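Residue strings, one per chain:
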Amino acid sequence: QVQVVESGGGLVQAGESLRLSCVTSGSIFSISAMGWYRQAPGKQRELVAALTSGGSTNYADSVKGRFTISRGNAENTVYLQMNSLKPEDTAVYYCNAVGVVAPPIEYDAWGQGTQVTVSS
């Protein structure tokens, strides 16, 4: 089983920064990509940032220039540095990991989310 755990959420004031961490565990053979999604109350979950094993990144237009996704020293770790936070960034942030476990089976695992609240 693949497990995904997020951490780093909290309550901050507009303009402040937060750094979210995501760590996967389990019998993971490889990770194709990891990413961050967010969901605000009453809204659909949306992609915030993604990072492939090849190093390619993708960001939502609303966070470009403010958020940065990066890989940790371990392949199973990814961070989301969030700068210049705005009230509209308030949401539950979820980490997602896709790849292969042994025996070779594809997986698509989600963490339970970490709350980010930005006050004006």
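Residues numbered from 1 in each chain as written. Predicted model: local features only at pLDDT ≥ 70, side-chain atom pairs only at ≥ 80, totals over all residues. Heavy atoms only, no water.

Q: Help me understand the overall build of the chain, please; the structure alone is not making it clear to me.
A: Tallying secondary structure elements over the chain gives zero helices and 11 strands in all. Starting at the N terminus and ending at the C terminus, the chain contains elements arranged as β-β-β-β-β-β-β-β-β-β-β. For 120 residues, the compact-globule formula gives about 14 Å, and the C-alpha radius of gyration of the chain, at 14 Å, lands near that figure. Projected onto its principal axes, the C-alpha positions of the chain cover 50 × 25 × 20 Å. When the 120 residues of the chain are sorted by exposure, 40% land in the buried category. Considering only contacts in the chain between residues 6 or more positions apart, those separated by 24 or more positions represent 55%. Put simply, the chain shows about 6500 Å² of open surface, and 47% of that area lies on carbon and sulfur atoms. (Helix = DSSP H or I, 4+ residues; strand = E, 2+ residues; numbered from the N terminus. Rg over C-alpha atoms; globule rule 2.2 N^0.38 Å. Buried < 20%, exposed > 50% of the residue type's maximum accessible area, 1.4 Å probe, protein only. Contact = heavy atoms within 4.5 Å. Areas by Shrake-Rupley, 256 points an atom, 1.4 Å probe, with all protein chains shown as cover.)

Q: What's the story with the nonpolar core in this structure? I'm lost.
A: Generally speaking, soluble globular proteins have nonpolar side chains that are buried together. Trp36, Leu80, Met82 and Tyr93 are the most contacted members of the largest nonpolar core, which has 31 residues in total. Of all the secondary structure elements, the ones that give two or more residues to this core are β3 (18-25), β4 (28-39), β5 (46-52), β7 (67-71), β8 (77-82), β9 (91-101), β10 (105-110) and β11 (114-119). Here this core takes five residues from β9, the largest share from any one element. When near neighbours in sequence (up to four residues on either side) are disregarded, Leu80 contacts Leu18, Arg19, Leu20, Trp36, Val48, Ala49, Phe67, Thr68, Ile69 and Tyr93. (Core = buried A, V, L, I, M, F, W, Y, C linked by side-chain atoms within 4.5 Å.)

Q: Any chance you could explain the environment of Ser25 here in plain terms?
A: Position of Ser25 relative to the elements: it lies in strand β3. The sequence separation of Ser25 and Ser70 amounts to 45 residues, and the corresponding C-alpha distance is 18 Å. Excluding residues that lie within four positions of it along the chain, Ser25 makes contacts with Gln1, Val2 and Gln3.

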